[in-house]
Amino acid sequence: MERSSGVLLAVTSLPSKYGIGTLGREAFAFADFLKEAGQKYWQVLPLGPTGLGDSPYSSFSTFAGNPYLIDLELLIEDGLLTKKYVESFDWGDDPAHVDYVAMKENRETVLQKAFEKGFERDRAAVDRFVGDNVWLPDYALFMALREYYEGVSWIDWEDRDIRLRKPEAIQKYRTLLADRVNYYTYVQYLFFKQWNELREYVKKLGIKIIGDLPIYVAADSADIWREPQFFQLDEENIPKKVAGVPPDYFSKDGQLWGNPLYDWDTMRKDGFGWWIRRIEGAVKMYDVLRLDHFRAFASYWSCPYDAETAKDGEWHNGPGMSLLRVLRDWFYGTEFIAEDLGILTPDVDQLLEDSGFPGMNILEFAFTKNADSKYLPHRCKKNSIVYTGTHDNDTVIGWLHDDEIPEEDKAVAREYLGISKEEGEHLAFIRGGMGSPANLFIAQMQDWQGLDSSCRMNVPGVALGNWTWRMEPGSANEELAVLMREYTRIFGRLAN
């Protein structure tokens, strides 16, 4: 990874006329903006279909795309919808935030119309798409079944035979729900058609897309329903243990994520085939993969299925290099980033060193009065990435003006970075990260714009109300691109 810089911006955060950022015109325009600003990387959040809480880290599939991201204007151009029809729906009235209630109420209705118009027209292309994606038939059936059971998690489906994937039941429901299976198949065809066109355009600009791969898959997902043998489930496919993290900086009770844990012994005996298939799907979508919650590959926090908080848990050994060596060798040439944050122990540090993957440094964690933090820019390793903050952090302006952050810590930041209002408080953080030895520097788009806490993407441990922030139309403008390019040039990170 060469010395360079990039921007973290979720696709959902792009401007659009219809309530949420999509893969359409504004995504192409943002790629042009990054090129003009001298950036090499665009980091996105996971692109999968989201469930309760609208979190991209809790998806119905590790392979599928989010239907909300399908651009409706492109469907209008393709003759699948009319502008009058699309504009007849309420997509929310706040351009700065996604209205997920409006998305849930209206998006599927509109995509159903596109399906009715285009499925038979595109049947040959759809069949080829299905042939190239072995996960798709089971995913489409899974989503049709969730609809049939009125959104109930597959663990609670009344028909035990389909819950346990008995062959006769699979055939029965494929026939019964054939039309809905076709709908969910076609939606994925539309998503990947648009995503592949966007990715090809971004690639021609010389920009790489960093994808975020959550460590775990959601309990209510086609992934676990399809291959339950690779997870810690009982004979009825009910989770025995679930994931989380113990109490930490973000939460005094820890975070009880609830994802079923992997059965690492079974995965190891299978040669980690499940993970190979998962990464194969990811490299079709992204140029670089960020491995979320990297520490769980060394050791992971295991909580009882019926636990009320993550306090009730214990550490267990993860797969370590036995898995990472397979992935590194199988996907030779693919760049990985290790999200090595959280409570770190010597085994995590050793695993990071053994893997050779670059780790992460968060500037907002760097400034304390009591310690010489490893996240201070001058202490960052060359083989690492410096972030102002991630989607789980406040904006830097929000951090500087947060009453809960000790004034002593903020004083350290002001002195170290030479913060001044003349330059801009947010730009001082960016200057500090840009000047570090780390090969890659990434800032949230909110930080380049100097936005406050109201534009924060996520508050860890809070289930609802996150993931809504959207960039104001016209804010990724020429003036900002010139500013970004100048900072990037000064610190030797300008894309070739």
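Quick notes on the rules
- Residues numbered from 1 in each chain as written.
- Predicted model: local features only at pLDDT ≥ 70, side-chain atom pairs only at ≥ 80, totals over all residues.
- Heavy atoms only, no water.
- Helix = DSSP H or I, 4+ residues; strand = E, 2+ residues; numbered from the N terminus.
- Rg over C-alpha atoms; globule rule 2.2 N^0.38 Å.
- Contact = heavy atoms within 4.5 Å.
- Lys, Arg positive; Asp, Glu negative; His and termini not counted.
- Charge placed at Lys NZ, Arg CZ, Asp CG, Glu CD.
- Pairing = 2+ DSSP bridges.
- Axes fitted to C-alpha atoms, helices over the stretch in contact; angles between N-to-C directions.
- Salt bridge = Lys/Arg side-chain N within 4 Å of Asp/Glu carboxyl O.
- Buried < 20%, exposed > 50% of the residue type's maximum accessible area, 1.4 Å probe, protein only.
- Polar contact = N/O pair within 3.5 Å; in protein donor to acceptor, adjacent residues only side chain to side chain.

J.: What is the right way to read the overall build of the protein from this model?
T.: Of the regular secondary structure elements, the protein holds 19 helices and 12 strands. Taken over the C-alpha trace, the protein has a radius of gyration of 23 Å; the compact-globule value for 496 residues is 23 Å, and the two agree within 12%. Taken along the three principal axes of its C-alpha coordinates, the protein extends 70 × 55 × 40 Å. Within the protein, contacts between residues at least 6 apart in sequence are counted, and of these 74% link residues at least 24 apart. Mean positive and mean negative side-chain charge positions of the protein (55 and 79 charges, respectively) differ by 5 Å.

J.: Would you mind going over the sheet that holds strand S7 (residues 299-304) with me for this structure?
T.: In a beta sheet, neighbouring strands pair by backbone hydrogen bonds and run either parallel or antiparallel. If you walk across this open sheet you meet the four strands as S5-S4-S7-S8, and the pairing is antiparallel. Pairing within the sheet leaves two strands with one partner each, and these edge strands are strand S5 (255-260) and strand S8 (314-317). In this sheet, neighbouring strand axes are inclined to one another by 45° on average, regardless of whether the strands run parallel or antiparallel. Here strand S4 (residues 241-245) pairs with S7 via four bridges, running antiparallel. Paired with valine 242 across the bridge in S7 is cysteine 303.

J.: How should the pattern of salt bridges be read in this particular structure?
T.: It is possible for side chains bearing opposite charge to pair when their charged atoms get close. All told, the structure shown has 31 salt bridges when counted by the stated rule. Here lysine 104 and aspartate 54 are joined by a salt bridge, their closest N and O atoms 2.6 Å apart. Of this pair, lysine 104 sits in helix H4 (residues 100-118) while aspartate 54 is found in the loop between strand S2 (41-43) and helix H2 (72-77), placing the two residues 50 residues apart along the sequence. The class of lysine 104 is partly exposed, set by a relative accessible area of 47%. For aspartate 54, a relative accessible area of 13% puts it in the buried group. The partner of glutamate 407 in a salt bridge is lysine 410, and the shortest N-O contact between them spans 3.0 Å.

J.: Honestly, the environment of aspartate 392 in this entry has me stumped. Any pointers?
T.: Its location among the elements puts aspartate 392 in the loop between strand S11 (384-387) and helix H15 (396-400). Distance in space between the C-alpha atoms of aspartate 392 and methionine 457 is 6.9 Å, their sequence separation being 65 residues. Of the polar contacts made by the side chain of aspartate 392, one reaches the side chain of asparagine 458; its length is 2.6 Å.

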